[in-house]
Amino acid sequence: MDRPEILQIAPAMPVVADQLAKSFTVHRFWESSDPDAWLAEHGHRIRGVAAGGHTPVDESLMGRLPALEIVSSFGVGYDQIDARWAGEHGIVVTNTPDVLTEEVADLTIGLVISTVRRIPAAERHLREGKWPSGTFPLTASLRDRKVGILGLGRIGKAIATRLEAFGLPISYHGRTRQEGVEYSFVADPVELARQVNLLISVIPGGGATEKLVGAEVFEALGPNGIFINVGRGTVVDEAALIEALRSGKILGAGLDVFADEPNVPAELAAMDNAVLLPHVASGTVHTRTAMGQLQVDNLISWFAGRGALTPVAETAAVAAREKK
Ligand code: NAP
Ligand code: 8YV
């Protein structure tokens, strides 16, 4: 039987690339010198897409793949994929939930402490030979913090569990109240920021959340406030964040994600009250391997007629309909 033809749109870890090559005929799309001509000639044979975490998969690509059945993505966030369009056109989109939850929550705690206790600045103080001429200044503390979580989903809950162990009170905002949690729900993000002084954003990107965290939120968070973002950079109005950090409207920020990755505003990079990471929250060998395995398993399961393992909400109906 013919092996399904897959379009791999971005380079992948060897564990992914090797397994794809064993089960499918793989086309390395990013290496094409003329993508339009390639799609016109070969697009009709493509039945699956292996998507990277950041390369867009939109109507202009999927619309030229008439036999496309499934887009399997690497990452839990899928704002780079037009999943609604896919669902409306009978295409399943899968992501990699759960396997990265604990890893991302661990890194978030590291970022929280680094930001509040200024660990990178303290280390620079030592490495730059400044210790003999002066002790590092006293910092803010976690001891007087109230935590607000924007997006109490899988990762938000794992962050909350960890911060509970630190003895900190927790409240949250999302579109809906979460079942089975005792943290207090706040219906408005600005009101949540007003009630806390450590605000952690872990909501998905996309049109619905664009610049949800802006000047009003920072004003409400206040001059002792710390803002952490491990969700998506597009959720934040970066100009407003820079202004809030520059003017002392908030105390500090810890960011793993940015609006235009890998480009980080020079103003942010120059700020001593911001801790900046290059989108590494899931970036361990253990967890990236698990994510890659789930991406491959979704494709294998689909083409073996066993259905998609982790379809996203917008395409869940297609996945259920097509399961043989
Ligand atoms: P999840 O379980 O789907 O949780 C997302 C949460 O966001 C839900 O509680 C949801 O609650 C809330 N939400 C969604 N849309 C919202 C809106 N318009 N306004 C307010 N709240 C909204 O997803 P997850 O597994 O926790 O992952 C969350 C996100 O983290 C991903 O989408 C990704 O962008 C990001 N992420 C980043 C990294 C990294 O490396 N930095 C790694 C993994 C994930 P309601 O439905 O009640 O609104
Ligand atoms: C990945 C992420 O780094 O899963 C997500 O949503 O943001 C990260 O785990 C990224 O998607 C892979 O490039």
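Residues numbered from 1 in each chain as written. Chains lettered and ligands numbered in written order. Predicted model: local features only at pLDDT ≥ 70, side-chain atom pairs only at ≥ 80, totals over all residues. Heavy atoms only, no water.

Trainee: Mind showing me how you'd approach the site of ligand 2 here?
Mentor: All residues in the neighbourhood of ligand 2 are listed as Gly53, His54, Phe74, Gly75, Val76, Gly77, Leu100, Arg232, His279, Ser282, Arg288 and Met291. Within the side chain of Arg232, one N or O atom sits 2.8 Å away from an oxygen atom of ligand 2. Between ligand 2 and Arg288, the relevant distance is 3.0 Å, taken from an oxygen atom to a side-chain nitrogen or oxygen of the residue. For ligand 2, the accessible surface in isolation is 330 Å², of which the surrounding protein chains cover 89%. Looking at the shell around ligand 2 residue by residue, the class counts come to 4 nonpolar, 6 polar and 2 charged. (Near = heavy atom within 4 Å. Polar contact = N/O pair within 3.5 Å; in protein donor to acceptor, adjacent residues only side chain to side chain. Areas by Shrake-Rupley, 256 points an atom, 1.4 Å probe, with all protein chains shown as cover. Nonpolar A, V, L, I, M, F, W, Y, C, P; charged D, E, K, R; others polar.)

Trainee: Where do I start with the domain arrangement of the protein chain in this structure?
Mentor: Interfaces are often described in size by the accessible area the parts lose on coming together. Looking at the protein chain, the domain boundaries give domain 1 (5-97 + 286-323) and domain 2 (101-276). Taken over C-alpha atoms, the centre of domain 1 sits 32 Å from the centre of domain 2. Taken together, the 7 residues of domain 1 in the interface contact 6 residues of domain 2. Carbon and sulfur atoms supply 49% of the area that domain 1 and domain 2 bury against each other, a total of about 530 Å² over both sides. Our count for the contact surface shared by domain 1 and domain 2 stands at 1 salt bridge. (Domains from an automatic or database assignment. Contact = heavy atoms within 4.5 Å. Buried area = accessible area lost by both parts, 1.4 Å probe. Salt bridge = Lys/Arg side-chain N within 4 Å of Asp/Glu carboxyl O.)

Trainee: Honestly, the site of ligand 1 in this entry has me stumped. Any pointers?
Mentor: As a structural note, the neighbourhood of ligand 1 is formed by 26 residues, with Arg154, Ile155, Arg175, Thr176 and Asp256 the closest of them. Within the side chain of Thr176, a nitrogen or oxygen atom sits 2.4 Å from an oxygen atom of ligand 1. One of the side-chain N or O atoms of Arg232 is found 3.3 Å from an oxygen atom in ligand 1. For the shell around ligand 1, the residue count by class is 11 nonpolar, 11 polar and 4 charged.

Trainee: Explanation requested: the packing of helix α5 (residues 101-116) against helix α7 (residues 154-165) in the structure shown.
Mentor: Two numbers describe a pair of packed helices, the interaxial angle and the distance between the axes. Where α5 meets α7, the closest approach of the two axes is 8 Å, and the angle between their N-to-C directions is 50°. Taken together, the axes of α5 and α7 are oblique relative to one another. With respect to the hand of their crossing, α5 and α7 are arranged in right-handed fashion. In contact with Thr101, Glu102, Val104, Ala105, Asp106, Thr108 and Ile109 of α5, α7 contributes Arg154, Ile155, Ala158, Ile159, Arg162 and Leu163. In the contact of α5 with α7, the residues fall into 7 nonpolar, 2 polar and 4 charged. (Axes fitted to C-alpha atoms, helices over the stretch in contact; angles between N-to-C directions. Helix = DSSP H or I, 4+ residues; strand = E, 2+ residues; numbered from the N terminus. Parallel < 35°, antiparallel > 145°, perpendicular 65-115°, else oblique. Left-handed = near helix turned anticlockwise from the far one by under 90°.)

Trainee: Is there a simple way to think about the environment of Ala140 in this case?
Mentor: Secondary-structure assignment places Ala140 in the loop between α6 (119-127) and β6 (147-150). For Ala140, a relative accessible area of 21% corresponds to the partly exposed category. Sequence separation between Ala140 and Gly225 is 85 residues; the distance between their C-alpha atoms is 9.9 Å. Setting aside residues up to four positions removed in sequence, Ala140 forms contacts with Val116, Arg117, Arg145 and Leu251. (Buried < 20%, exposed > 50% of the residue type's maximum accessible area, 1.4 Å probe, protein only.)

Trainee: Mind showing me how you'd approach the environment of Gly222 here?
Mentor: Residue position: Gly222 is located in the loop between α9 (215-221) and β10 (226-229). It is 5.3 Å that separates the C-alpha atoms of Gly222 and Ile250, two residues lying 28 residues apart in sequence. Not counting residues within four places of it along the chain, the set of residues in contact with Gly222 comprises Lys249, Ile250 and Leu251.

Trainee: Looking at this model, I keep getting lost on the sheet that holds strand β1 (residues 5-8). Mind explaining?
Mentor: Sheet strands pair by backbone hydrogen bonding; their relative direction is either parallel or antiparallel. Pairing within the open sheet is parallel, and its 5 strands lie in the order β2-β1-β3-β4-β5. Sheet topology places β2 (25-28) and β5 (92-94) at the edges, where each strand pairs with a single neighbour. Each neighbouring strand pair of the sheet contributes to a mean axis angle of 20°, computed without reference to strand direction. Both β1 and β2 contribute to a ladder of 4 bridges, which runs parallel. Residue Leu7 lies in a different strand from β2, and its bridge partner there is His27. (Pairing = 2+ DSSP bridges.)

Trainee: Help me understand unusual backbone geometry, please; the structure alone is not making it clear to me.
Mentor: Glycine aside, residues mostly have negative phi angles, and peptide bonds mostly take the trans form. Looking along the chain, the bond that leaves Glu261 and enters Pro262 is cis, with omega of 5°. Position of Pro262 among the secondary structure elements: in the loop between β11 (252-255) and α11 (266-269). The backbone phi angle of Asp98 is positive, close to 70°, even though this residue is not glycine. Following the sequence through the fold, Asp98 ends up in the loop between β5 and α5. The phi torsion at Arg118 lies on the positive side, around 55°, for a residue other than glycine.

Trainee: Hey, could you run me through the nonpolar core in this one?
Mentor: Generally speaking, nonpolar side chains in soluble globular proteins are found buried as a group. Among the nonpolar cores identified, the biggest contains 32 residues, and Val147, Ile149, Ile159, Leu163, Leu198, Ile200 and Ile228 are the most heavily contacted of them. Per-element tally for this core: the top contributor is α5, with 6 residues. Viewed by domain, this core spans two of them, domain 1 (5-97 + 286-323) and domain 2 (101-276), each represented by three or more residues. Contact partners of Ile200, with chain neighbours within four places excluded, come to Thr108, Val112, Val147, Gly148, Ile149, Leu150, Ile159, Leu163 and Ile228. Membership of the second largest hydrophobic core comes to 28 residues, among which are Leu150, Ala220, Ile242 and Leu268. (Core = buried A, V, L, I, M, F, W, Y, C linked by side-chain atoms within 4.5 Å.)

Trainee: Looking at this structure, how should I read the sheet that holds strand β12 (residues 274-276)?
Mentor: Pairing is parallel in the open sheet, where 7 strands are placed in the order β8-β7-β6-β9-β10-β11-β12. Either end of the sheet is taken by a strand with one partner, and the two such strands are β8 (184-185) and β12. Sheet analysis places β6 next to strand β9 (residues 198-201), joined by 4 bridges and oriented parallel. Of the residues in β9, the one forming a bridge with Ile149 is Ile200.

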